[in-house]
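# Structure at a glance
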Amino acid sequence: MGKWLRRHGFTPQRPARRSCRQQDDQVTAWLEVEYPAIRARVSEEKAELVWVDQCGLRPDTAPPGRSRAPAGQTPIVRVNGRRFKVSIMSAVAPRGALWFTVFPGKFTAKVFCAFLDRLARQADRKVHVIADRHPVHRSKAVRAWLAENAERIELHLMPGYSPELNPDELLNAGLKHHIHAARAASVDDLARETRRFLLRRQRQPRIVCGYFAARHVRYTIQ
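Rules used in this analysis
- Here the residue index of a chain counts from 1 through its sequence in written order.
- Only residues with pLDDT of at least 70 get local features here, since the model is predicted, and only at 80 or more are side-chain atom pairs given and counted; chain-wide, interface and lining totals rely on the full set of residues.
- Hydrogens and water molecules were not included; the side-chain quantities draw on all heavy atoms of the structure.
- Whenever Lys or Arg places a side-chain nitrogen within 4 Å of a carboxyl oxygen from Asp or Glu, that contact is recorded as a salt bridge.
- What counts as a helix is a DSSP run of H or I of at least four residues, what counts as a strand is a run of E of at least two, and both are numbered from the N terminus.
- The rule is simple: take the accessible area with a 1.4 Å probe, protein chains only, and divide by the maximum for that residue type; under 20% is buried, over 50% is exposed, in between is partly exposed.
- Throughout, a residue-residue contact means that at least one pair of heavy atoms, one from each residue, lies within 4.5 Å.
- Strands are treated as partners if at least two bridges between them are detected by DSSP.
- Simply put, an axis is a line fit to the C-alpha atoms, just over the touching stretch for a helix, and the angle between two N-to-C directions goes from 0 to 180 degrees.

## Some remarks on the pattern of salt bridges
- Overall, the coordinates contain 11 salt bridges when judged by the stated rule.
- Notably, a salt bridge pairs Arg-95 with Glu-48, separated by 2.8 Å at the nearest N-O pair. Taken as a pair, Arg-95 in the loop between β2 (86–92) and β3 (98–104) and Glu-48 in strand β1 (residues 48–57) lie far apart in primary sequence, 47 residues in all.
- Between Arg-196 and Glu-193 there is a salt bridge whose closest N-O contact spans 3.3 Å. Here Arg-196 and its partner Glu-193 are both found in helix α6 (residues 187–202), 3 residues apart, which amounts to about one turn of the helix.
- Given a relative accessible area of 33%, Glu-193 falls into the partly exposed group.
- Sharing partners across several salt bridges, the network here consists of Arg-41, Glu-45, Lys-126 and Glu-154.

Below is the structure:
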């Protein structure tokens, strides 16, 4: 069977994960109709187009990373076992720009609106924001704030259960790969290391641009 598969071009690969709740017709409509219309409006208005996402880091759920040791001797990493969390809200633009905020506690409408306000001020032009369908993004408080700031910022929601369509997810994946949350001694240590990583990425626009060239999000720049 292995020879037959190789002969016909099949190779062993790690499968990509997709939610069973994802609706293919909504994804198709987003790729072929909704997103091209958003891009056309951004070009016409000479606005900024950004993708946002939020994630959290917890030391009690993060793996300690890898190390080296003689064969048969498993290395040991000392962790404190405490439970605390650092939340991150970030935004990336195809031109390589990155904005972020790091905060303890829960992601709320107040946090999201404050981030959008700072994003609009720093962009210094109208901003079209693309985000997932998190309950905070659809909350009454956020909708009211957006109505009051319609000339500065506009929010567009992606299809549900489709994180692979968001380039900002690749930033989150890199963050979780490089930040060893399990080794953090306190919430301040974890927040400091997180900010250090994100500040470094802000000075590396070529890497941020590379997020948009990944296979599943390449449609954002085509």
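## So, the environment of Arg-118
- Looking at where Arg-118 falls in the secondary structure, it is placed in helix α3 (residues 109–123).
- Sequence spacing of Arg-118 and Trp-99 is 19 residues, and the spatial spacing of their C-alpha atoms is 9.2 Å.
- Non-local contacts of Arg-118, meaning those with residues more than four positions away in its chain, are made with Phe-100 and Thr-101.

## Considering the sheet that holds strand β4 (residues 127–131)
- Read across the sheet, 5 strands follow the order β3-β2-β1-β4-β5 without closing on themselves; strand pairing throughout is mixed. Two strands bound the open sheet, and with one partner strand each, they are β3 and β5 (153–157). The sheet shows a mean angle of 25° between the axes of neighbouring strands, taken without regard to direction.
- Here β4 runs beside β5; their pairing, made up of 5 bridges, is parallel. Pairing of Val-129 across the sheet is with Leu-155, part of β5.
- Sheet contacts for helix α2 (residues 24–45): β1, β4 and β5; angle to β1, the most-contacted strand, approximately 120°.
- Here α6 sits on the sheet in contact with β1, β2 and β3, set at roughly 180° to β3.

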